[in-house]
Amino acid sequence: MTGSLEPRPLHGQRLLVCVGGGIAAYKSLELVRRLRDAGAEVQVAMTDGAQQFVTTLSFQALSGHPVRTSLWDSAAEAAMGHIELARWADRIVVAPATADLLARLAHGFANDLVTTLCLATTAPITVAPAMNHRMWQHPATAANLAVLRERGVQIIGPEDGPLAEGESGPGRLSEPGDIVATLAGGHAATAAARDLAGMRVVVSAGPTYEDLDPVRYLGNRSSGKMGFAVAASAARRGAEVVLVAGPVHLPTPAGVSRVDVRSAAQMREAVLAALPADIYIGAAAVADYAPRVAVPNKIKKTGEKLELDLVRTPDILAEVAAQTQALKLVVGFAAETENVEHYARGKLKAKRLDMIIANRVGIAEGGFESDQNALTAYWKDGEREFASAPKTRLADALMDLIVERLNA
Ligand code: C5P
């Protein structure tokens, strides 16, 4: 196939790629190449840190332009001043955006070329963060990101998965192909669209703990990751999101208001208090049974056997679906180990849901504690499979489907 037959969705766009100082900088080489393949004209600016990982020469060869690294380079300034470069760009793409760079951008620093360009431009800015997962999950980074998002900065990624330092978690730079697709208005771009603006979305996530006595409880292995990712995705699309979270140690996604609860009864109360809403997504693994009474003192070892007196907990999801204030969409999750479709469809009907999202738990890959998952969504007259992917990416794809069903 000749080059002219390839789709060139970024044809004529002038993109300024600002490369931050992280190991993911090597992926930005591929990004520049792909942006040019997509028809964009690309210039590159690098921070001092970025030059520790990749050379200016590589970016120069790939972009076809000299690379800018300093505010104090008189020859480069004579050819094209930094203000001129900031004005030249139709969009600035910061990739990788390190925690430090996000902080400096959020606070309006102009202490190097890249931050000065970002401050001096009136063009839209996209950031593709990449960093260690603990840095990504730090409240300082979350707050900086919230500021940038509020300011209209487009945020792509990061992805969940193995990180350079041998750990795993959210913090990987999005794949260059995904970044290009987003910039070109592909799938991920719809996730960045504010198509849930004006909607109130309530999400439940995580396990519940049902106290037996002051030191023991009945719990389950839900990590809360899926529900948190769904809440984050809905907030990115402009929804007002209330996240009712069971006991989990996860940072609150940007733009989400969180209510922490422990038991199914507390979760029910918090969910009902968060209504009315347009959408309810019940991603929590609510205990089905709770002790009839939580005894005030530690249960003593007595006989050979101990029988627990458990009673059914209220079905929060079914109760939300039966609200007189009709929600536009009520979505449940079903964790199944066998006959997935049969049981999921049964719950869809019995609980009068608009959609149920089934996942197979108890398999080696995916499920409760994993960062990865494979899901199938069922609704009255349809279904959609979601192949195994990081939960953050799945959440965006699920929100795409939820928006689709909302408008169906
Ligand atoms: O019936 P099952 O517990 O498998 O259904 C799972 C779905 O129902 C999940 O969406 C879960 O959040 C919701 N649920 C609930 N209240 C319960 C039990 C489950 O909201 N007591």
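Residues numbered from 1 in each chain as written. Predicted model: local features only at pLDDT ≥ 70, side-chain atom pairs only at ≥ 80, totals over all residues. Heavy atoms only, no water.

A.B. asks: Account for the overall build of the protein, naming residues and giving values.
C.D. replies: The helix and strand inventory of the protein stands at 16 helices and 19 strands. Considered along the principal axes of its C-alpha atoms, the protein spans approximately 85 × 50 × 40 Å. Classification of the 408 residues of the protein by burial places 50% in the buried group. Of all intrachain contacts in the protein linking residues separated by at least 6 positions in sequence, the fraction that spans at least 24 positions is 67%. Of the roughly 19500 Å² of accessible surface on the protein, 52% is carried by carbon and sulfur atoms. Mean positive and mean negative side-chain charge positions of the protein (42 and 45 charges, respectively) differ by 3 Å. (Helix = DSSP H or I, 4+ residues; strand = E, 2+ residues; numbered from the N terminus. Buried < 20%, exposed > 50% of the residue type's maximum accessible area, 1.4 Å probe, protein only. Contact = heavy atoms within 4.5 Å. Areas by Shrake-Rupley, 256 points an atom, 1.4 Å probe, with all protein chains shown as cover. Lys, Arg positive; Asp, Glu negative; His and termini not counted. Charge placed at Lys NZ, Arg CZ, Asp CG, Glu CD.)

A.B. asks: Any chance you could break down the nonpolar core for me, citing the residues and the numbers?
C.D. replies: In this structure, Leu196, Val241 and Ile281 are the most contacted members of the largest nonpolar core, which totals 41 residues. The element contributing the most residues to this core is helix α16 (residues 391-406), with nine residues. What Val241 contacts, discounting residues up to four positions off in sequence, is Val201, Val203, Ala231, Ala234, Ala235, Val256 and Ser257. (Core = buried A, V, L, I, M, F, W, Y, C linked by side-chain atoms within 4.5 Å.)

A.B. asks: Break down the pattern of salt bridges for me, citing the residues and quoting the values.
C.D. replies: Under the criterion given, the structure shown has 26 salt bridges. Across the salt bridge formed by Glu175 and Lys27, the nearest N and O atoms sit 3.3 Å from each other. Pair noted here: Glu175 is in the loop between β7 (168-172) and α10 (176-183) and Lys27 is in helix α1 (residues 25-37), with a separation of 148 residues, a long-range link. The partner of Glu30 in a salt bridge is Arg33, with the nearest N and O atoms 3.5 Å apart. (Salt bridge = Lys/Arg side-chain N within 4 Å of Asp/Glu carboxyl O.)

A.B. asks: Could you give me a rundown of the sheet that holds strand β13 (residues 279-282), with the residues and numbers involved?
C.D. replies: Read from one edge of the open sheet, eight strands run β12-β11-β8-β13-β16-β17-β18-β19, paired in mixed fashion. The sheet is open, and its two edges are formed by β12 (256-260) and β19 (382-390), each paired on a single side. Put simply, the sheet's adjacent strands are angled 15° from each other on average, direction ignored. Bridging between strand β11 (residues 240-245) and β12 involves five bridges; their strand directions are parallel. Looking at the pairing, Val244 lines up with Val259 of β12. Against the sheet, helix α15 (residues 340-350) makes contact with β16 (329-336), β17 (355-360), β18 (372-379) and β19, and its axis sits at roughly 150° relative to β17, the strand it touches most. (Pairing = 2+ DSSP bridges. Axes fitted to C-alpha atoms, helices over the stretch in contact; angles between N-to-C directions.)

A.B. asks: Would you mind going over the site of the ligand in detail, with residue names and values included?
C.D. replies: Around the ligand, a shell composed of 14 residues is seen, among which Gly282, Ala284, Pro314, Leu317 and Lys347 lie nearest. Within the side chain of Thr313, an N or O atom sits 3.3 Å from a nitrogen atom of the ligand. The contact in question runs from an oxygen atom of the ligand to an N or O atom on the backbone of Phe333, over 2.9 Å. Protein contacts shield 87% of the accessible area of the ligand, which totals 450 Å² for the unbound molecule. Secondary-structure elements contributing two or more residues to the shell around the ligand are α14 (316-321) and β16. (Near = heavy atom within 4 Å. Polar contact = N/O pair within 3.5 Å; in protein donor to acceptor, adjacent residues only side chain to side chain.)

A.B. asks: Let's hear about the packing of aromatic side chains: which residues, and what values?
C.D. replies: What the rule picks out here adds up to one aromatic pair. When the ring centre of Tyr289 is taken as reference, the NZ or CZ atom of Arg312 above it lies at 5.7 Å. (Phe/Tyr/Trp six-rings, centres within 6.5 Å; stacked < 30°, edge-to-face > 60°. Lys NZ or Arg CZ within 6 Å of the ring centre and 35° of its normal.)

A.B. asks: Could you give me a rundown of helix α7 (residues 113-120), with the residues and numbers involved?
C.D. replies: The element α7 is extensively covered by neighbouring structure, given that six of its eight residues are classed as buried. Within the span of α7, buried status applies to Leu113, Val114, Thr115, Thr116, Leu117 and Cys118. Summarising the contacts, the buried residues of α7 are in contact with β1 (14-19), β2 (41-46), α5 (82-88), β3 (91-97), α6 (99-106) and β4 (125-129). Near the N-terminus of α7, the side chain that reaches the backbone nitrogen of Val114, with its oxygen 3.4 Å away, is that of Asp112.

A.B. asks: Break down the pairing of β3 for me, citing the residues and quoting the values.
C.D. replies: Looking along a regular strand, one sees the side chains alternate between the two faces of the sheet. With six of its seven residues buried, β3 lies for the most part within the structure. Here β1 runs beside β3; their pairing, made up of four bridges, is parallel. When the sheet's bridge partners are listed, Val17 is paired in β3 with Val93. Relative to β4, β3 runs parallel, the two being bridged by four bridges. Paired with Ala97 across the two strands is Pro129, which belongs to β4.

A.B. asks: If you had to explain α1 to someone new, which residues and values would you point to?
C.D. replies: Along its 13 residues, α1 runs 19 Å from first to last C-alpha, staying within 8% of the 18 Å computed at 1.5 Å per residue. When we look at burial in α1, the residues that qualify are Ala25, Lys27, Ser28, Leu29, Leu31, Val32 and Leu35. Directly after α1, the chain includes Gly39, whose backbone phi takes a positive value near 105°. (Expected span 1.5 Å × (residues − 1).)

A.B. asks: I'd like a description of the sheet that holds strand β5 (residues 154-155), backed by residues and values.
C.D. replies: Taken in spatial order, the five strands line up as β2-β1-β3-β4-β5 in an open sheet, and their pairing is parallel. Each edge of the sheet is formed by a strand with only one pairing partner; in this case those strands are β2 and β5. Relative to the sheet, helix α3 (residues 56-63) contacts β1 and β2, its axis offset from that of β2 by approximately 170°. Along the sheet, α6 makes contact with β3 and β4, crossing β3 at roughly 140°.

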